[in-house]
Amino acid sequence: MRRSAPFVIVVLVALLAIGGGTYLYRVKRAANPQLKISKQTNAQTGESAHALGPADAPITLEEFGDFQCPPCGKLSEPINRLQKQYNLRVIYRQFPLPMHAHAREAAYAAEAAGRQGRFWQMHDLLFREQVVWSSSTDPRPLFSAYAGMLQLDLGRFKQDMDNPDVQRQVELDQKRGALIGVTTTPTIFLNNQAVPPDQLSPDKFPQAVEAAVNNAKPSS
Amino acid sequence: MKRDRNVESTTNRSRGEIIFYSAAALIALVGLTEATYLTVLFLNGETAVCGGSADCFKVLGSSYAKVGGIPVAGLGALAYFSVFTFAIFAAFDYRQARKFFSWAVITMFAVTLWLLFVQAFRLHAFCRYCLFSAALVFLLMGLVVARPPSIQRSSNS
């Protein structure tokens, strides 16, 4: 018995480590769905906004968001789920608030990723890692690391972040928001109807979308 | 591994060895748990968040965190598992395991020094998980260096 004891202990610990690791992997996998690597960016011709989903979807969800705004971050995953569930058309517009120190740079990072066809992947990553880069004094190395994770051309990404055209794009989105009365984030429109701020929580927002989907259904 | 046939029954010396190697196995087990956790994070493409600090990401997301595509945390898990295995076998009087144990700890210590150097002078960021692991390796190294002479003798013989 004593001779076999070390073998038993070692095998037991190996099984526990592998089993525990696999369990944790599965739990985390379920909690954090994969980034939308395979999702197609569906930019409309002549429209610079980033759009997902069919152009003729019955419901268009237009969000004015700030990557450093915590409520925007909390709504990000529910919006992803709702987009899939109802096949919504989702449009994201940049509205970095001045009170958020790194929001503008994050918007540039998303736009720069968009120039390499990875806007939505960077959008998801920035919201998912919001707590990390928001608290950093210099988030640029982190944005570059995210670009690396998304397999972007790093040199081009860095150049694009400083590109005046990219920065102008963010300003254009902001101007558009200001024109239609956007002052805070997230501001969300469902078929051009602003969603009341009290419904912009992860638990209430799906109901607002469901109601909009039901209203949009042709009455038989 | 050859088992030591000249077993000293249940003398004070063998009891000391059992305690010594059990303590080492316990430390290795803690390291194995942490390294497994970090490996899982890596495989999930997740960032380890250290209390809102970006340093963990800087370190664990850097090119130094991988060797030929394999996460250093995964290699760490293997190393801790090896140390655990050698410590357990050594506790059960497998003489060769004692040598393997010492060499494994010395190798881990050298790698840890390199990783600390990388964090301090190349990345200018310290990941708390890595520091915790470094503390465990320092503890193991401390055990190897400061182990009682009786255990050292039996390890060298």
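Basis of the calculations
- Residues numbered from 1 in each chain as written.
- Chains lettered and ligands numbered in written order.
- Predicted model: local features only at pLDDT ≥ 70, side-chain atom pairs only at ≥ 80, totals over all residues.
- Heavy atoms only, no water.
- Salt bridge = Lys/Arg side-chain N within 4 Å of Asp/Glu carboxyl O.
- Helix = DSSP H or I, 4+ residues; strand = E, 2+ residues; numbered from the N terminus.
- Buried < 20%, exposed > 50% of the residue type's maximum accessible area, 1.4 Å probe, protein only.
- Axes fitted to C-alpha atoms, helices over the stretch in contact; angles between N-to-C directions.
- Left-handed = near helix turned anticlockwise from the far one by under 90°.
- Contact = heavy atoms within 4.5 Å.
- Nonpolar A, V, L, I, M, F, W, Y, C, P; charged D, E, K, R; others polar.
- Pairing = 2+ DSSP bridges.
- Right-handed = clockwise from strand over helix to strand, strands pointing away.
- Expected span 1.5 Å × (residues − 1).
- Patch = residues over 30% accessible without salt bridge, like charges linked within 9 Å, V, L, I, M, F, W, Y side chains within 5 Å.
- Areas by Shrake-Rupley, 256 points an atom, 1.4 Å probe, with all protein chains shown as cover.
- Core = buried A, V, L, I, M, F, W, Y, C linked by side-chain atoms within 4.5 Å.

> Which residues make up the pattern of salt bridges, and what values do they have?
Counted under the stated rule, the structure contains 10 salt bridges over all chains. Among the salt bridges present, the one from A:Asp173 reaches A:Arg93, with a minimum N-O distance of 3.5 Å. You can see A:Asp173 sitting in helix H8 (residues 164-179) and its partner A:Arg93 sitting in strand E3 (residues 89-94), a full 80 residues away along the chain. The residues A:Asp173 and A:Arg93 share a single accessibility class, namely buried. When the shortest N-O distance is used, the salt bridge between B:Glu17 and B:Arg98 registers 2.9 Å. Separated by 81 residues along the polypeptide, B:Glu17 in helix H1 (residues 12-43) and B:Arg98 in helix H4 (residues 95-123) bring together distant segments of the chain. Both residues of the pair, B:Glu17 and B:Arg98, belong to the buried class. In the salt-bridge network here, residues are joined through shared partners; they are A:Glu62, A:Arg93, A:Asp173 and A:Arg176.

> Report on the packing of H4(B) against helix H5 (residues 128-146) of chain B, specifying residues and quantitative values.
Residues and elements named next belong to chain B. At their nearest, the axes of H4 and H5 sit 9 Å apart, and the two run at 145 degrees to each other. For the pair H4 and H5, the sense of crossing is left-handed. Residues Phe101, Ser102, Val105, Ile106, Met108, Phe109, Thr112, Leu113, Leu116 and Gln119 of H4 form the contact with H5, whose participating residues are Cys130, Leu131, Ala134, Val137, Phe138, Leu140, Met141 and Val144. For the contact of H4 with H5, the class distribution of residues is 15 nonpolar, 3 polar and no charged.

> Talk me through unusual backbone geometry; I want residue IDs and the actual numbers.
Here the bond from A:Thr185 into A:Pro186 is cis, since omega is -10 degrees, no more than 30 degrees from zero. Despite not being glycine, A:Asn87 has its phi angle at roughly 55 degrees, a positive value. Take A:Asn87: its relative accessible area is 41%, and that puts it in the partly exposed class. Phi at B:His124 is positive, roughly 50 degrees, even though this residue is not glycine. Within the secondary structure, B:His124 sits in the loop between H4 and H5. The exposed category is assigned to B:His124, whose relative accessible area is 60%.

> Any chance you could break down the pairing of strand E2 (residues 60-65) of chain A for me, citing the residues and the numbers?
Residues and elements named next belong to chain A. Where burial is concerned, most of E2 is hidden: 5 out of the 6 residues are buried. Looking at chain direction, E2 and E3 are connected through 6 bridges and run parallel. Across the sheet, the residue bridging to glutamate 62 is isoleucine 91, located in E3. Taken together, E2, helix H2 (residues 70-86) and E3 constitute a β-α-β crossover, and its handedness is right-handed. Across 4 bridges, the pairing between E2 and strand E4 (residues 187-190) is antiparallel. Each residue of the ladder has a partner; that of phenylalanine 64, found in E4, is threonine 187.

> Run through H2(A), naming residues and quoting values.
Residue and element names in this part refer to chain A. Between its first and last C-alpha, H2 extends 25 Å over 17 residues, near the 24 Å set by a 1.5 Å rise per residue. For H2, the full list of buried residues reads Cys72, Gly73, Leu75, Ser76, Pro78, Ile79, Asn80, Leu82 and Gln83. Of the residues one or two after H2, asparagine 87 is the one with positive phi, at around 55 degrees.

> Please set out a nonpolar patch on the surface residue by residue, giving values where relevant.
Residue and element names in this part refer to chain B. A contiguous nonpolar patch, built from Val67, Ile70, Leu75 and Leu78 and spanning about 350 Å² of accessible area, is present on the exposed surface. Residue position: leucine 75 is located in helix H3 (residues 72-91). Classification of leucine 75 by relative accessible area gives partly exposed; the value is 36%.

> Pulling in residues and values, what's your account of the nonpolar core?
In terms of nonpolar packing, the biggest core is built from 46 residues, with A:Met122, A:Leu126, A:Phe143, A:Tyr146, A:Phe157 and A:Phe205 touching the most fellow members. Looking at this core element by element, the count peaks at 7 residues for helix H3 (residues 103-114) of chain A. When neighbours within four sequence positions are excluded, A:Phe205 is seen to be in contact with A:Leu61, A:Leu75, A:Ile79, A:Leu82, A:Ile188, A:Val195, A:Gln199 and A:Leu200. Counting 34 residues, the second-largest nonpolar core is a separate cluster that includes B:Ile27, B:Ala90, B:Leu136 and B:Leu140.

> Requested: an account of the sheet that holds strand E5 (residues 193-194) of chain A, with residues and values cited.
Residues and elements named next belong to chain A. One open sheet holds the 5 strands; their spatial order is E1-E3-E2-E4-E5, and the pairing between them is mixed. The open sheet terminates on both sides in strands that have one partner only, identified here as strand E1 (50-52) and E5. Here helix H4 (residues 119-128) sits on the sheet in contact with E1 and E3, set at roughly 70 degrees to E3. The sheet contacts of H8 involve E2 and E3, and relative to E3 the element is tilted by about 105 degrees.

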